[in-house]
Amino acid sequence: MQRLFRAPGRVNLIGEHTDYNDGFVMPVALGFSTWAKISPLENRKLQIYSENFGEEVEVNLDERLAPRGDWSDYPVGVAVELEKAGHRLRGARLEIRGEVPIGSGLSSSAAVEVATACALVAISDLQVDKRELARLCRRAENEFVGARVGIMDQFVSLFGEAHKALLLDCRSLEFRLLPLPDNVRLIICNTMVKHALASSAYNERREQCEAGVKHLAQFLPHVTALRDVTIEELEQHRAGLSEVVYRRCRHVITENARVLSAADALERSDLLAFGRLMRESHQSLRDDYEVSSEELDLMVELAQKVEGVYGARMTGGGFGGCTINLVAEEHAEVFQQTVASEYERVTKLKPEIYVCTAANGAEEVRS
Ligand code: GLA
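Scoring rules and cut-offs
- Residues numbered from 1 in each chain as written.
- Predicted model: local features only at pLDDT ≥ 70, side-chain atom pairs only at ≥ 80, totals over all residues.
- Heavy atoms only, no water.
- Near = heavy atom within 4 Å.
- Polar contact = N/O pair within 3.5 Å; in protein donor to acceptor, adjacent residues only side chain to side chain.
- Areas by Shrake-Rupley, 256 points an atom, 1.4 Å probe, with all protein chains shown as cover.
- Nonpolar A, V, L, I, M, F, W, Y, C, P; charged D, E, K, R; others polar.
- Helix = DSSP H or I, 4+ residues; strand = E, 2+ residues; numbered from the N terminus.
- Contact = heavy atoms within 4.5 Å.
- Phe/Tyr/Trp six-rings, centres within 6.5 Å; stacked < 30°, edge-to-face > 60°.
- Buried < 20%, exposed > 50% of the residue type's maximum accessible area, 1.4 Å probe, protein only.
- Lys NZ or Arg CZ within 6 Å of the ring centre and 35° of its normal.
- Axes fitted to C-alpha atoms, helices over the stretch in contact; angles between N-to-C directions.
- Parallel < 35°, antiparallel > 145°, perpendicular 65-115°, else oblique.
- Left-handed = near helix turned anticlockwise from the far one by under 90°.
- Pairing = 2+ DSSP bridges.

(A) Geometry of the site of the ligand. Neighbouring the ligand are 13 residues, the closest being Glu 16, His 17, Asp 19, Asp 153 and Tyr 202. At a separation of 2.5 Å, an oxygen atom of the ligand approaches a polar side-chain atom of Asp 19. Here an oxygen atom of the ligand sits 3.4 Å away from a polar atom, N or O, in the main chain of Gly 317. About the coverage of the ligand: the protein hides 98% of its 300 Å² of free accessible area. Here the shell around the ligand is composed, by residue class, of 5 nonpolar, 4 polar and 4 charged.

(B) The environment of Ile 324, seen in detail. Topologically, Ile 324 is positioned in strand E10 (residues 322–328). When the C-alpha positions of Ile 324 and Pro 351 are compared, they lie 13 Å apart, and in sequence the two are 27 residues distant. Each residue touching Ile 324, except ones within four places of it in the same chain, is listed here: Val 11, Asn 12, Leu 13, Leu 186, Ile 187, Ile 188, Met 278, Gly 311, Ala 312, Arg 313 and Thr 315.

(C) Local environment of the packing of aromatic side chains. Inspection of every chain in the model, using the stated rule, returns 6 aromatic pairs. The interplanar angle of 65° and the centroid separation of 5.5 Å between the aromatic rings of Tyr 20 and Tyr 202 together place this pair among those described as edge-to-face. With Tyr 20 in the loop between strand E1 (3–14) and strand E2 (24–40) and Tyr 202 in helix H5 (residues 200–217), this residue pair connects regions lying 182 residues apart in the sequence. Taken individually, Tyr 20 and Tyr 202 each receive the classification buried, so the pair is uniform in this respect. Ring centres of Phe 32 and Tyr 354 lie 5.1 Å apart, and the angle between their planes is 90°; on these two criteria the pair is classed as edge-to-face. Taken together, the residues Phe 32 in strand E2 and Tyr 354 in strand E11 (residues 352–356) connect sequence positions 322 residues apart. The class for Phe 32 is partly exposed, based on a relative accessible area of 22%. What makes Tyr 354 buried here is its relative accessible area of 11%. Chaining the aromatic ring pairs together yields one cluster made of Phe 155, Phe 159 and Phe 175. For the cation-ring pair, Lys 130 lies above Phe 159, with the distance from its terminal atom to the ring centre recorded as 4.6 Å.

(D) Focus on the packing of helix H2 (residues 108–123) against helix H4 (residues 152–159). H4 packs onto H2 with a crossing angle of 50° between their chain directions and a minimal axis gap of 9 Å. Considering their axes alone, H2 and H4 lie oblique with respect to each other. Handedness of the crossing formed by H2 with H4: right-handed. Packed against H2, whose contacting residues are Ala 110, Ala 111, Glu 113, Val 114 and Cys 118, the element H4 presents Asp 153, Gln 154, Ser 157 and Leu 158 at the interface. Considered class by class, the residues forming the contact of H2 with H4 number 5 nonpolar, 2 polar and 2 charged.

(E) Focus on the sheet that holds strand E8 (residues 184–190). Read from one edge of the open sheet, 4 strands run E9-E10-E8-E11, paired in antiparallel fashion. Two strands bound the open sheet, and with one partner strand each, they are strand E9 (309–315) and E11. Strand-to-strand twist of the sheet, defined as the mean angle between neighbouring strand axes without regard to direction, takes the value 20°. Bridging between E8 and E11 involves 5 bridges; their strand directions are antiparallel. Across the sheet, residue Cys 189 finds its bridge partner in E11, namely Ile 353. Sheet strands in contact with helix H8 (residues 271–287) are E8, E9 and E10, and its direction is about 30° off that of E9.

Structure below.
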């Protein structure tokens, strides 16, 4: 019997590069999804077809599987990690179709991983806790694909809810769903400049954070991640840190505080305060963490000039991809036109603009 699953991409409202520092994030699951159609096979083979790439890959679950360096590493990595964790899979034919724009910071990879995981688990008659699934999908990306990402994307793809933002503590994996006001639109602007997450810059940021932790833990033994450090402590033990590592730490520490303030602001429906925090987040990512790009900075600048914009910032890993904008409903139309035409005039690139609503996390869909 054939079954169909979908898993969404995500946009992060605030809390960037905090997840792998045991910190806080506030993503939203998007209406864009990856779809996985699955039917069982009588052997232990996985036949995986990607509609986006028009390619099929076949692997044998009883063999030692190695990454091929292409799209198939994401679904195959998930199968490998499920098996390593002791979940024995049945062979299956899997057809994957993704509608999340690839390489634009909206987590097309997590959507593929989570859709694949849900489909494989269901067809193999397994019960796997959703938190465990999020961890295994992340591990697939860490171990098999080789990108040392945090858990935000996989988590929200599983746990997101319509009309809500998800405030996640990436250490305990406890979360709260925060209602988003009806009179505001989440507008994503795609710079059309792709990023490559597996690229060394992302892993390099992680190493710099680890270097910061190693230094600070000499003085503050309770520190196991930047989550545990206050800004005062960072200042106090600044000597001995390189200028770059100091700034990386400062971003993470101030960003964590911004996420918690943003959650308060959202609970009070104080969109002005929320927007201010988004702006500060962008500046910190641009100046301290240095993961923005010319195009992202331009997109944010253009957005901030438009009436009715509460806040604008880059979203996701950075180095290209998208911005997220919080815009009053009545100004959404003008916002799109103004930002699109100005961005195109300056860069000669035609941006894609998506007006989004928060959607539900992964689920089985009756075809
Ligand atoms: C990518 C990673 C996430 C997170 C963000 C930055 O999207 O997959 O785990 O680190 O970058 O916030």
